[in-house]
Amino acid sequence: MTSLKPFLSDNAAPVHPNVWEAMRAADHADNPYDGDALSAQLDERFSDLFGRECAAEWIATGTAANCLALATMCAPHGGVVCHEEAHIEVDEGGAPGFYLHGAKLMLAGGEGAKLTPEGIAALIDPIRDDVHQVQAHAIAITQASEYGCVYSGEELAALKDFAAARKLGLHMDGARFANAAANAGGSAQDAARAACGPVDSLAFGFIKNGGMGAEAVVLFDKSQADLVRYRRKRAGHLQCKGRYLAAQILAMLDGDLWLANASHANAAAAEIAGACGDRLMHAVEANELFVRLTEAERDALRAQGFAFYDWGADAARFVTAWNTRDDDALELAKMISTL
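Overview of the structure. (Residues numbered from 1 in each chain as written. Predicted model: local features only at pLDDT ≥ 70, side-chain atom pairs only at ≥ 80, totals over all residues. Heavy atoms only, no water.)

Observations regarding helix 6 (residues 117-124)
Stage number 1. Taken residue by residue, helix 6 has P117, I120, A121 and I124 as its buried positions. All buried residues of helix 6 lie within an arc of 100 degrees about the axis, which places them on one face of the element. Away from its buried face, by an angle of more than 90 degrees, helix 6 presents the exposed residues E118 and A122.
Stage number 2. On its buried face, helix 6 sits against strand 3 (78-83), strand 4 (104-108), strand 5 (135-142) and helix 7 (153-165). (Buried < 20%, exposed > 50% of the residue type's maximum accessible area, 1.4 Å probe, protein only. Helix = DSSP H or I, 4+ residues; strand = E, 2+ residues; numbered from the N terminus. Arc of directions from axis to C-beta. Contact = heavy atoms within 4.5 Å.)

Here it is, written out as structure tokens:
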């Protein structure tokens, strides 16, 4: 029987050993909820990483992280502009409407699932400024995008300038933020700052990158932190043993493990991309590949043990992870090149 070679999702990857070790080390009595010694370190650690003062709160899921951050920016009668293929629109089961008490998602287009000021303006400028129409309150972008494309520093600055001019909050869904940062290169601090830009809040993803069950809501306006804390409790996400979530995040930050893991995943994706040629649907800038493949070609790959998702009738999505074996990436690249 052919052994499985997993490229379904980085969510399927195991927990990094350092994370398990950190959770075991945290397995002693401490203050409950977020009053423990590990949770107390998060603000300073993230402030050091991003080079600006911020507040950071652990949360168990990316869905809740995005929604709790957006709830600080958007009233129930307002709207959040996002890409029409954004995760918060397509894959979160209506959670934004639930957490934001009915606020509307306002959908814009854009190449590679990325937003531009021009695309947002085309969507919101025709909206009349009266109570009969939903007004935009915030913009949500995804870094790296749902198609694995990375916003450059110039693109982020342009979006922030646009948001500031329109008095809109700017939130970043960073489920694969580490992969976007790895694409930027440089030290951990340089990479994080380049990938984040001047956004107002960030849902910093760790689970796809070696974590077990912890993400971080990073608020660059610390005055909003209490709003998130109260909403986190009300939403049922204030865990009584929060030190185990904090331990995971700190373990990923220690020694820049978050960046090393993402760099490995990106390198594996780049190896495969080199064999895909014009089959690629989007530039490979993180750890996702969208590849044009017929049904017969996909069947041939699966017969060799490769696991991946179909992407419509004539394409497939491959996702690499922190633990992707070099041999598996090389073998997949070779197989695609011979199809």
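We are not done yet, so read on.
Some points on the sheet that holds strand 3
Stage number 1. Spatially, 2-8-7-6-5-3-4 is the arrangement adopted by the seven strands of the open sheet, whose pairing is mixed. Both outer strands of the open sheet, strand 2 (55-59) and strand 4, are each paired with one neighbouring strand and no more. Here the strands of the sheet are splayed against their neighbours by 25 degrees on average, with no regard to which way each runs.
Stage number 2. Both strand 6 (residues 169-174) and strand 7 (residues 201-204) contribute to a ladder of four bridges, which runs parallel. Across the sheet, G174 pairs through a bridge with F204, a residue of strand 7.
Stage number 3. Its contacts with the sheet place helix 6 against strand 3, strand 4 and strand 5, and it is angled at close to 125 degrees to strand 4.
Stage number 4. Sitting on the sheet, helix 10 (residues 225-234) is in contact with strand 2 and strand 8 (215-219), with an inclination near 15 degrees to strand 2. (Pairing = 2+ DSSP bridges. Axes fitted to C-alpha atoms, helices over the stretch in contact; angles between N-to-C directions.)

Some points on helix 13 (residues 295-303)
Stage number 1. Within the sequence span of helix 13, burial applies to E297, R298 and L301. Relative to the axis of helix 13, the buried residues are bounded by an arc of 100 degrees and lie together on one face. Those residues of helix 13 that are exposed and aimed more than 90 degrees away from the buried face are E295 and A296.
Stage number 2. Where helix 13 is buried, its residues touch strand 9 (288-292), strand 10 (306-307), strand 11 (309-310), strand 12 (315-319) and helix 14 (326-338).
Stage number 3. G305 occupies a position one or two residues after helix 13 and carries a positive phi of about 95 degrees.

Here we look at the environment of L115
Stage number 1. Topologically, L115 is positioned in the loop between strand 4 and helix 6.
Stage number 2. The exposure class of L115 is buried, given its relative accessible area of 4%.
Stage number 3. Here the alpha-carbon distance between L115 and A12, two residues 103 residues apart in the chain, equals 28 Å.
Stage number 4. In this structure, L115 is in contact with V81, C82, H83, A108, G109, I120, I139, A140, I141, Y151 and L159, ignoring residues within four places of it in sequence.

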